[in-house]
Structure formats: C-alpha cells, structure tokens
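# Chain and residue survey
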Amino acid sequence: MNKTKLKKAVKRLKNLPRGKHLFLYFFNKLRHFVLKLAGSTRVAYPSTIMLELNNHCNLHCTTCPREYAYGKQMDKGYMTLDQAKKVVDELWPYLDSIGLTGMGETFLFPEMEQIVDHIKARNKGIIITLSTNAMLPDFIGLAKKVVGKIDIFHISIDGLGETYEKIRRGADFRVFDRNVTELAGLCRGTETALSLDMVVTKENYRQLPEMVPYCRDKGVRGFYHTTYNLSSVTDTDAGYYQFYHSPEFMEVYRKFKETVGRYPEVEVTSWDYKGQNGFQKCFFPFGYFYICWNGFVTPCCAKPFPKELNFGNVFDGGVMAVLNGKKFRDFRVLWKKNITPDFCRKCHFIDVEPIL
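One structure accompanies this document, and this report is about it. Each chain carries its own residue numbering, running from 1 in the written order of its sequence. Restriction of local features to residues with pLDDT of at least 70 applies here, the model being predicted, together with a cutoff of 80 or more for giving and counting side-chain atom pairs; totals for whole chains, interfaces and linings are based on all residues. Only heavy atoms go into the side-chain values, all of them from the structure, while hydrogens and water stay out.

### A closer look at the pairing of strand β7 (residues 193-200)
Which entries qualify depends on this criterion: The cut-offs for exposure are 20% and 50% of the maximum accessible area for each residue type, with area from a 1.4 Å probe on protein chains only; residues under the lower value are buried, those over the upper are exposed, and the others partly exposed. In this text, helices come from DSSP runs of H or I with a minimum length of four residues, and strands from runs of E with a minimum of two, each type numbered from the N-terminal end. Paired strands, in this sense, are two strands between which DSSP finds at least two bridges. Viewed with both strands pointing away, a crossover whose connecting path from the first strand over the helix to the second turns clockwise is right-handed.
In terms of burial, β7 is a largely internal element, eight of the eight residues being buried. In β7, alternate side chains face the same way, and those of Ala 193, Ser 195, Asp 197 and Val 199 on one face and Leu 194, Leu 196, Met 198 and Val 200 on the other are all buried. Pairing of strand β5 (residues 152-156) with β7 involves five bridges; the strand directions are parallel. Note on β7: the bridge partner recorded for Ile 155 is Leu 196. As a crossover connection, the stretch from β7 through helix α9 (residues 208-218) into strand β8 (residues 222-227) is right-handed.

### A word on the environment of Arg 174
Examined against the element boundaries, Arg 174 turns out to sit in helix α8 (residues 173-187). Of the residues examined, Arg 174 reaches a relative accessible area of 64% and is grouped as exposed.

### Observations regarding unusual backbone geometry
Residues other than glycine seldom take positive phi values, yet Tyr 288 does so here, at roughly 55 degrees. You can see Tyr 288 is positioned in the loop between β9 (267-270) and β10 (289-291). At Asn 338, a residue that is not glycine, the phi angle is positive and equals roughly 55 degrees. Along the chain, Asn 338 falls in the loop between α13 (326-336) and α14 (348-351). Asn 338 sits in the partly exposed class, given a relative accessible area of 37%.

### Focus on the nonpolar core
Within soluble globular proteins, side chains that are nonpolar generally end up buried alongside one another. Rule in force here: Residues belong to a common nonpolar core when they are buried Ala, Val, Leu, Ile, Met, Phe, Trp, Tyr or Cys residues joined through side-chain atoms within 4.5 Å. Residue contacts are defined here by distance: any two heavy atoms, one from each residue, within 4.5 Å place the two residues in contact.
Membership of the largest hydrophobic core comes to 107 residues, with the highest contact counts inside it found for Phe 153 and Phe 176. Ignoring anything within four residues of it in the chain, the contact list for Phe 153 reads Phe 107, Leu 130, Thr 132, Ala 143, Val 146, Val 147, Leu 183, Cys 187, Thr 192, Ala 193, Leu 194 and Ser 195.

### Section: the pattern of salt bridges
Applicable threshold: By convention in these notes, a salt bridge is any Lys or Arg side-chain nitrogen within 4 Å of a carboxyl oxygen on Asp or Glu.
Taken as a whole and assessed by the stated rule, the structure comprises 20 salt bridges. Taking the shortest distance from any N to any O, the salt bridge between Asp 217 and Arg 216 comes out at 2.8 Å. Using a relative accessible area of 54% as the deciding quantity, one classes Asp 217 as exposed. Assessed through its relative accessible area of 36%, Arg 216 is described here as partly exposed. For Glu 265, the salt bridge goes to Arg 216, with nearest N and O atoms at 3.9 Å. You can see Glu 265 sitting in the loop between α10 (247-262) and β9 and its partner Arg 216 sitting in helix α9, a full 49 residues away along the chain. Assessed through its relative accessible area of 41%, Glu 265 is described here as partly exposed. Connected via shared salt-bridge partners are Lys 8, Lys 11, Lys 120, Asp 151 and Glu 191.

### Some points on the packing of helix α4 (residues 81-91) against helix α5 (residues 112-122)
The relative placement of two packed helices comes down to the angle between their axes together with the axis-to-axis distance. What counts is decided by this rule: Only C-alpha atoms enter the line fits that serve as axes; for helices the fit covers just the stretch in contact. Angles between N-to-C directions range over 0 to 180 degrees. Angles are sorted into four bins: roughly parallel if under 35 degrees, roughly antiparallel if over 145, roughly perpendicular if 65 to 115, and oblique for all others. Two helices cross in a left-handed way if the nearer one is turned anticlockwise from the farther one by less than a right angle. They cross in a right-handed way if the turn is clockwise. Nonpolar residues are Ala, Val, Leu, Ile, Met, Phe, Trp, Tyr, Cys and Pro. Charged residues are Asp, Glu, Lys and Arg, and all others, Gly as well, are polar.
Their axes nearest at 10 Å, the elements α4 and α5 cross at an angle of 20 degrees. Taken together, the axes of α4 and α5 are roughly parallel relative to one another. The crossing of α4 and α5 is right-handed. Counted together, Leu 81, Ala 84, Lys 85, Val 88 and Asp 89 of α4 and Gln 114, Ile 115, His 118, Ile 119 and Arg 122 of α5 form the full contact between these two elements. Across the contact of α4 with α5, the residue classes tally to five nonpolar, two polar and three charged.

### Some details on a nonpolar patch on the surface
Cut-off, in case you're wondering: Exposure above 30% relative accessible area and the absence of a salt bridge qualify a residue for a patch, where like charges join within 9 Å and nonpolar side chains (Val, Leu, Ile, Met, Phe, Trp, Tyr) within 5 Å. Each accessible area is a Shrake-Rupley result for a 1.4 Å probe, and residues are judged covered by the shown protein chains and nothing else.
Side chains of Phe 23, Leu 24, Phe 27, Leu 30, Phe 33, Val 34 and Leu 37 sit close together on the surface and give an oily, nonpolar patch of about 750 Å² of accessible area. Phe 27 sits in the partly exposed class, given a relative accessible area of 47%.

### A word on the packing of aromatic side chains
The following threshold applies: Two aromatic rings, drawn from Phe, Tyr or Trp (for Trp, its six-membered ring), form a pair once their centres lie within 6.5 Å of each other, and the interplanar angle then sorts them: stacked below 30 degrees, edge-to-face above 60, tilted otherwise.
The final tally for this structure, using the stated rule, is 30 aromatic pairs. Taking 5.7 Å as the distance between ring centres and 85 degrees as the angle between the ring planes, the aromatic pair formed by Phe 107 and Phe 139 counts as edge-to-face. Of this pair, Phe 107 sits in the loop between β3 (97-100) and α5 while Phe 139 sits in helix α6 (residues 139-144), and the two are 32 residues apart along the sequence. Assessed through its relative accessible area of 1%, Phe 139 is described here as buried.

### Observations concerning the sheet that holds β10
Read from one edge of the open sheet, nine strands run β9-β8-β7-β5-β4-β3-β1-β10-β11, paired in mixed fashion. Strand pairing shows two members of the sheet lacking a second neighbour, β9 and β11 (297-298), which therefore form its edges. Pairing of strand β4 (residues 127-132) with β5 involves four bridges; the strand directions are parallel. Residue pairing across strands places Thr 132 opposite Ile 155, the latter belonging to β5. Helix-sheet contacts for α4 involve β1 (48-51), β3 and β10, and the interaxial angle to β1 is about 175 degrees. Sheet strands touched by α8: β5 and β7. Its angle to β5, the strand with the most contacts, is close to 170 degrees.

### Points about the environment of Glu 113
Within the secondary structure, Glu 113 is located in helix α5. The partly exposed category is assigned to Glu 113, whose relative accessible area is 28%. Not counting residues within four places of it along the chain, the set of residues in contact with Glu 113 comprises Lys 145, Val 146 and Lys 149.

### Remarks on the side chain of Asn 55
Cut-off, in case you're wondering: Distance and chemistry together define a polar contact, namely a pair of N or O atoms within 3.5 Å, with one atom able to donate a hydrogen and the other to accept it when in protein, and with adjacent residues in sequence counting only for side-chain atoms on both sides.
Mapped onto the elements, Asn 55 comes out in the loop between β1 and β2 (60-61). Since its relative accessible area comes to 2%, Asn 55 is described here as buried. A distance of 2.9 Å separates a polar atom in the side chain of Asn 55 from the backbone nitrogen of Gly 77. Beyond its immediate sequence surroundings of up to four residues, Asn 55 is in contact with Arg 66, Met 74, Asp 75, Lys 76, Gly 77, Met 103, Gly 104 and Trp 293.

Structural data, given as structure tokens:
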C-alpha cells in the first residue's frame, strides 16, 4: 500500500458512520463476507461505485470507447442532481469510496460542487475520486471549487507533446501542461492528491520512462499506467495485444522500471500485467459497480453501453434491486465458472496473456 492509499484508509477509519449507521456499516461488511464464503451470486451493499454524471466530452481521444461503433450509437445526456443524490442516499452508510467518472468529461456536469458537497454532508470520510482531461476552457476555475473536498484527481495524459495531441485529439499539450502545473499548486497542502493516468499504446509506449520525471517536475505524486483495453474498440482485433510481448516494449518497460527506482517520491501503480488472464480476473461483477447517467447498470467502465448489455435501471427500483436482479446474478454464474461472455471478448482481463 503506497502513502496515498494509506492516508485515505486512515481518513476513512477516522470518519466511519456514527450511531445506528455504524452498526449498519459493519453488518453489511459481515454480510459481504458471509455471501462470499457461501459462494452466493448475491451481493451486499457496495462499498464503492462509479457514478457517470454525464457522457459528453470535449475531446475525441483515439483510446476512448466513445470514438468507436458502440460509443457512436450510445445515447448522450446528463444525470440530474436529484438523481445523483438519490443514488448516494441509498448507498451512503455503506460506501467507502465513490468515483465521479464515466464516459464523459466529468467537469461538464454543471453541478459538480453540489454533488461533492452532498456526499461529504452524508459522510466526510467517503473517498471521492474524479477523472478529468483537464482541457475545458475554465478548467482551473471549475477545479478550484472542489479542491480540498475530493480526495484524488485522476488526470488522463497518454503522452507528452505531439504524441499527446495525436492521441488526445482536440487537446493542446501546452494548455494541459499549464493546467497540471496550476492544479498541483492549488492542491499542495490540501487533502486532494493528483495522479496522471496513461493508457499505454503502440503510439506512446516509448515515452513511458519520461512520465515519472514529468510527474516529479509538475509536483504530481501519482502515476498510473494500463494496457489498451480493446473490448469496445471495434476496428482493432485482439492480436494487438501481442505488442505487449514484443522485445521493443519489453526493453522500454525495463528502462521505465529503472526510472521508477530513481524517483521514489512518485507513487507508480499499474494494471496487473502479470496475473493469469480469464473472466475471473475481472473484479467488476462483484464490486465497483458502474451506474450510467441514465440510470442503467452496465458490466464495467470499459464498455458502459446499456444498448449492448445492462442489468436494469436504478431509477426504477433502486440500486440493490438491480445488483441482485436475475440478469446480474446470471452474469455472476458465468464468472464463477470462468466462462467469458461474448460481451467481454477482447477485454484485456481476458485476452492479454501475462506480461513480464
């Protein structure tokens, strides 16, 4: 556990629910353990969720599922503030964390400060993370409103200079660089941490060793990297994943690991490159549930397209009615048997052989 995670864990423990809600919180933890021990396909109240407040975006990134067939067919819109509050109110005694992120740029949600304040009013120990591309015209003004309130800004980077601009189409690296510098200054001395997040592709992998010193120079403590997930990239087949086994990638990754060792002040985390692939490697069926802006619950954040597959709508009967509904439980039966659903083909949990 790195320093940032330890700090958040301590914060959560210091701010557990009070009174009867503390009893409910621990009883739910016990229920989670009992259900898991019994091999049940039911779940307890979730301790963490992803809440997609909107799915509009100001960029057209080549790594984003919205730029391919599934994304082009999806409905677009915004969750209302009242709908977001309703989800939080159903789950808050049990929540340890909530990710305000989804298929869109999070800061396009017009009432970001209000939903953050509502979560903190329920319990100030709930860890709030927020993903952003940091490229809206008034990004710093918008971010200022939640600095010190949220716990982690995840900022998508995917490259430096021209490489960044080729992948993150519609973005300007100079503006991005300036915004990261200013945001890091605003967060310094507050409870809000920063992480730069990179999807490693054939186009940007050579810049991996440069990322850690870049984070250090910008005053960013965290760096996260992951493989390209092709589950929603309809024009690329799973053969792409062989790139991660190539001598070229291996050599660059070796240099990257050497660089990491020279910058201990930057906390580097990554997707599991070494674990055995298969449906049971995926943790989404039993935790970290994804709720779309229109209330539908989809299997995960990599392919959050209700028209392709959803388990029901939380605005109709509540979150738990969906999580323990027949469709979702049948999906978990496949997980228990390690049978990959067609929906999940090409996912990097499934089709990337262990690397390194």
